[in-house]
Protein chains: 2
Amino acid sequence: MQEKILETLKIKPGYVSGEEISSHLGISRQALWKHIQELRDSGYDIVAVPHLGYKLHGSPDRLLPFEIGDKLNTRLIGKKIYYHETIPSTMDIALQKGLEGAPEGTIVLAESQTKGRGRLGRGWVSPKYKGIYLSLILRPRISPLQAPVLTLLASVSICEAIKEATGLEAKIKWPNDILMHNKKLGGILTELSAETDQMHFMVIGIGLNVNLDKGSLLEHATSLKEEKQENINRVGLLQEILRQIEQNYNNFLKKGSGAVIEKWRNYNVTLGHRVKVAAHKEHLEGIAIDIDTDGGLLVRNDSGLVRKIMAGDVTHCR
Amino acid sequence: MQEKILETLKIKPGYVSGEEISSHLGISRQALWKHIQELRDSGYDIVAVPHLGYKLHGSPDRLLPFEIGDKLNTRLIGKKIYYHETIPSTMDIALQKGLEGAPEGTIVLAESQTKGRGRLGRGWVSPKYKGIYLSLILRPRISPLQAPVLTLLASVSICEAIKEATGLEAKIKWPNDILMHNKKLGGILTELSAETDQMHFMVIGIGLNVNLDKGSLLEHATSLKEEKQENINRVGLLQEILRQIEQNYNNFLKKGSGAVIEKWRNYNVTLGHRVKVAAHKEHLEGIAIDIDTDGGLLVRNDSGLVRKIMAGDVTHCR
């Protein structure tokens, strides 16, 4: 109902009388007043003037489900949204929801996280209302060995969405760092629940520095606000991320990883460079020559031997 | 307390007076009586004779935690036990407990399952008090790519435990079937929760036909009772399984997969045979020539090409 009231207020310029809204929506004046109060509590600046009615003066910068759902136009991704002001980690909730059978495309959003997670148990700084902290449940019928491709797919989708929403050009460092001007803008964490040969579900976690100010950014980190020197509309950006993921995911399910890999090559800053890789129990150094169809990084060491790395920490050598 | 009462009754031959037990354990006669009633409700046959006291006449064939814990002598596996009479699936509970941070070695036991799971969403028939339906949480710090070795480890441990507890010789069909005289005796289901390069935890599910009668067995299935023509002590067998897993798992953590693979070769009926494999999105036929260090099956087709299969359904060709 609050969604419908907002819709009405957004469509009409100027004041809309309480009578018009309540008769249009088939609710009492008293019920309308209660909903308006709740919307104000959520941060909506709604002015009420006797004899004139209500006017929407300003919307809060909140990732509220009905704001996200408004004109989202996806069929799958973000159709079900769990929204939280503050939670330990969107990953924990999404893994939980996944086990309970939440449908593919379900997302968990938080305005802030107290224990935001990065890869391998590292943290992710998640100040309130400043970033996008999102976990997405997917249920592709693939082998868990193919999971890394979905990490690439998410990183490509984020770069496309940033370009679309802000005009800025983000880059990708293999496997999961979103960079701008060589500083970290975001990261992706992929976790899966699977049998050895069949995915049950995977959760793709996205952490993106949107409106963080310089003071709250770590060294070597940046935010879209810092780069653009203006506040970014988080709702619009998030919607665009969900749309790009849906498009790329549908394409992946129909045609395989080819298109994702190709797009990834265009956005990446890793290929062609000399890199040090700290992977699971092994370290190697060499030239990152290409990416494989399963998302693995092919590194040629100085003896000419090519190794494929499925995940690890990459340092670009100067 | 019930555990201590049972212990006292088990140690002493003949009757033990209520006074002796209650003063030994520091509880009132009334409290003792209440505990005795509860033990009887769990199926313990405890006789009470005025002026003589209590005598344990018979223990139920139940996988009750304090029966399992009695002289188990493991350090890790089975130290924490969740026991249920009837649940949909021990896997679901164990995955849940794993997410909540349950310690390594935690096991979930059920006397029966209404939705017992096999590989790829298949069912597992789990009649009450007749089988061992067990899920074990492990947290090895390995890559998810190494998970299949732990399936082999579990199957080897089961064969060793069956031999130890019953003298019967079980065999293994790659990857997860426990056979006796070419009939299915048990199966193993491995599920994992992981990042692309780091296991968070894995759940090893074991379903074993122990005291099932011919009538409740599917075609091509058998039970230990059918093979031995006598009832098997489920508690003793389960304890032995936990002990064997602990020993093999410690060995694996210290020295890698070599010993497990070697034992597996001794128990397996797949290597050297012509097989058809239906793996993830592919089918192939050839000779199963060996098993790799990561648990993958090496199959040589008629053109001489060797492929490695990480998981799939194997049919032995005649």
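Rules of the game
- Residues numbered from 1 in each chain as written.
- Chains lettered and ligands numbered in written order.
- Predicted model: local features only at pLDDT ≥ 70, side-chain atom pairs only at ≥ 80, totals over all residues.
- Core = buried A, V, L, I, M, F, W, Y, C linked by C-beta atoms within 7 Å.
- Buried ≥ 20, exposed ≤ 12 C-beta atoms within 10 Å, placed from the backbone.
- Contact = placed C-beta atoms within 7 Å.
- Least-squares fit on C-alpha atoms with pLDDT ≥ 70 in both.
- Helix = DSSP H or I, 4+ residues; strand = E, 2+ residues; numbered from the N terminus.
- Arc of directions from axis to C-beta.
- Pairing = 2+ DSSP bridges.
- Axes fitted to C-alpha atoms, helices over the stretch in contact; angles between N-to-C directions.
- Nonpolar A, V, L, I, M, F, W, Y, C, P; charged D, E, K, R; others polar.
- Expected span 1.5 Å × (residues − 1).
- Parallel < 35°, antiparallel > 145°, perpendicular 65-115°, else oblique.
- Right-handed = clockwise from strand over helix to strand, strands pointing away.
- pLDDT = per-residue confidence, 0-100.
- Domains from an automatic or database assignment.

Caption draft 1: Representation of the nonpolar core in the model. Ile158 of chain A together with Ile158 of chain B are the most contacted members of the largest nonpolar core, which has 148 residues in total. The contacts of isoleucine 158 of chain B, once residues within four sequence positions are left out, are Ala170, Ile178, Gly186, Ile206, Leu208 and Ile241 of chain B.

Caption draft 2: Focus on the relation of the copies chain B and chain A. Superposing chain B onto chain A requires a rotation of 180° together with a translation of 0.0 Å along the rotation axis, leaving an RMSD of 0.1 Å. The relationship between the two copies is best expressed as a two-fold rotation axis. Considering only C-alpha atoms, the part of chain B nearest the rotation axis is serine 193 of chain B, at 2.3 Å. Mapped onto chain A, 100% of the interface residues of chain B again fall at the interface, so both copies present the same surface.

Caption draft 3: Geometry of helix α1 (residues 2-11) of chain B. All names here are of chain B. All of the buried residues along α1 are Ile5, Leu6 and Leu9. All buried residues of α1 project into a common sector of 95° when viewed along the axis, lining one side. Along α1, exposed side chains directed more than 90 degrees from the buried face belong to Lys10 and Ile11. Contact partners of the buried residues in α1: α2 (18-25), α3 (29-41), β2 (53-58) and α4 (65-69).

Caption draft 4: Structural view of the environment of leucine 168 of chain B. Residue and element names in this part refer to chain B. Its location among the elements puts leucine 168 in the loop between α6 (147-166) and β6 (171-173). Residue leucine 168 is classed as partly exposed on the basis of its 15 C-beta neighbours within 10 Å. The spacing of leucine 168 and leucine 224 is 56 residues in sequence and 8.2 Å in space, taken between C-alpha atoms. Discounting chain neighbours no more than four positions away, the residues touching leucine 168 are Ile162, Lys163, Met180, Leu224, Glu227 and Lys228.

Caption draft 5: Up close: the sheet that holds strand β11 (residues 282-291) of chain A. Residue and element names in this part refer to chain A. In space, the 5 strands of this open sheet follow the order β13-β12-β11-β10-β14, with antiparallel pairing throughout. Of all the strands in the sheet, just β13 (306-309) and β14 (312-316) have a single pairing partner and so form its edges. Taken pair by pair, the neighbouring strands of this sheet meet at an average axis angle of 45°, ignoring direction. Strand direction decides the pairing type here: strand β10 (residues 274-279) and β14, joined by 5 bridges, are antiparallel.

Caption draft 6: Spotlight on the interface of chain B and chain A. The interface of chain B with chain A comprises 25 residues on the first partner and 25 residues on the second. Elements with a minimum of two residues in the side of chain B that touches chain A: α5 (90-99), α6 and β8 (183-195) of chain B. Top contributing element to the side of chain B that touches chain A by residue count: β8 of chain B, with 7 residues. Of the residues in the side of chain B that touches chain A, the class split is 12 nonpolar, 9 polar and 4 charged. Of the pairings in the sheet, the one linking strand β8 (residues 183-195) of chain A to β8 of chain B comprises 5 bridges and is antiparallel in character. For glutamate 195 of chain A, the partnering residue across the bridge sits in β8 of chain B and is glutamate 191 of chain B.

Caption draft 7: Summary view of the sheet that holds strand β13 (residues 306-309) of chain B. Residue and element names in this part refer to chain B. Ordered by their spatial adjacency, 5 strands build an open sheet running β13-β12-β11-β10-β14, and the pairing between neighbours is antiparallel. The two strands at the open ends of the sheet, each matched to only one other strand, are β13 and β14 (312-316). Taking the axes of each pair of neighbouring strands and ignoring which way they run, one obtains an average angle of 45° across the sheet. Sheet topology places strand β10 (residues 274-279) next to strand β11 (residues 282-291); 6 bridges connect them, and they run antiparallel. Pairing of valine 275 across the sheet is with glycine 286, part of β11.

Caption draft 8: Highlighting the environment of leucine 39 of chain B. Residues and elements named next belong to chain B. Within the secondary structure, leucine 39 is located in helix α3. Classification of leucine 39 as buried rests on a count of 22 C-beta atoms within 10 Å. Sequence spacing of leucine 39 and serine 59 is 20 residues, and the spatial spacing of their C-alpha atoms is 9.6 Å. If we skip the residues at most four places from it in the chain, leucine 39 touches Gln2, Ile5, Leu6, Tyr44 and Ile46.

Caption draft 9: Up close: helix α8 (residues 234-255) of chain A. Its 22 residues place the ends of α8 of chain A 31 Å apart at the C-alpha level, agreeing with the 32 Å of an ideal helix rising 1.5 Å per residue. One or two steps after α8 of chain A, the chain reaches glycine 256 of chain A, where phi turns positive at roughly 90°.

Caption draft 10: Layout of the packing of helix α5 (residues 90-99) of chain A against α5 of chain B. Where α5 of chain A contacts α5 of chain B, the axes come no closer than 11 Å and their chain directions differ by 175°. Here α5 of chain A is positioned roughly antiparallel relative to α5 of chain B, judged by the angle of their axes. Only Leu95, Gln96 and Leu99 of chain B of α5 of chain B make contact with α5 of chain A, whose side of the interface consists of Leu95, Gln96 and Leu99 of chain A. Class assignment for the residues of the contact of α5 of chain A with α5 of chain B results in 4 nonpolar, 2 polar and no charged.

Caption draft 11: Seen up close, the pairing of strand β3 (residues 81-87) of chain B. Residues and elements named next belong to chain B. Pairing geometry for β3 and strand β4 (residues 107-113), over 6 bridges, is parallel. Each residue of the ladder has a partner; that of isoleucine 81, found in β4, is isoleucine 107. Read as a crossover between parallel neighbours, the route from β3 over α5 to β4 is right-handed.

Caption draft 12: Examining unusual backbone geometry more closely. That bond from tryptophan 174 of chain A to proline 175 of chain A is cis: its omega, -5°, falls within 30 degrees of zero. Mapped onto the elements of the fold, proline 175 of chain A is located in the loop between β6 (171-173) and β7 (177-180). In this model, glutamine 229 of chain A sits at a positive phi of 60°, which is unusual for a non-glycine residue. Exposure remark for glutamine 229 of chain A: the 7 C-beta atoms within 10 Å place this residue in the exposed category. Positive phi, normally seen in glycine, also occurs at tyrosine 129 of chain B, with a value near 65°. Relative to the elements of secondary structure, tyrosine 129 of chain B occurs in the loop between β4 and β5 (131-138).

Caption draft 13: Broad picture of the confidence of the model for chain A. When pLDDT is averaged across chain A, the result is 92; 99% of the residues are at 70 or more. Scored by ipTM, the complex comes to 0.77, with pTM at 0.84.

Caption draft 14: Main features of the domain arrangement of chain A. Domains assigned within chain A are domain 1 (2-58), domain 2 (65-267) and domain 3 (274-316). Inter-centroid distance (C-alpha atoms) of domain 1 of chain A to domain 3 of chain A is 58 Å.

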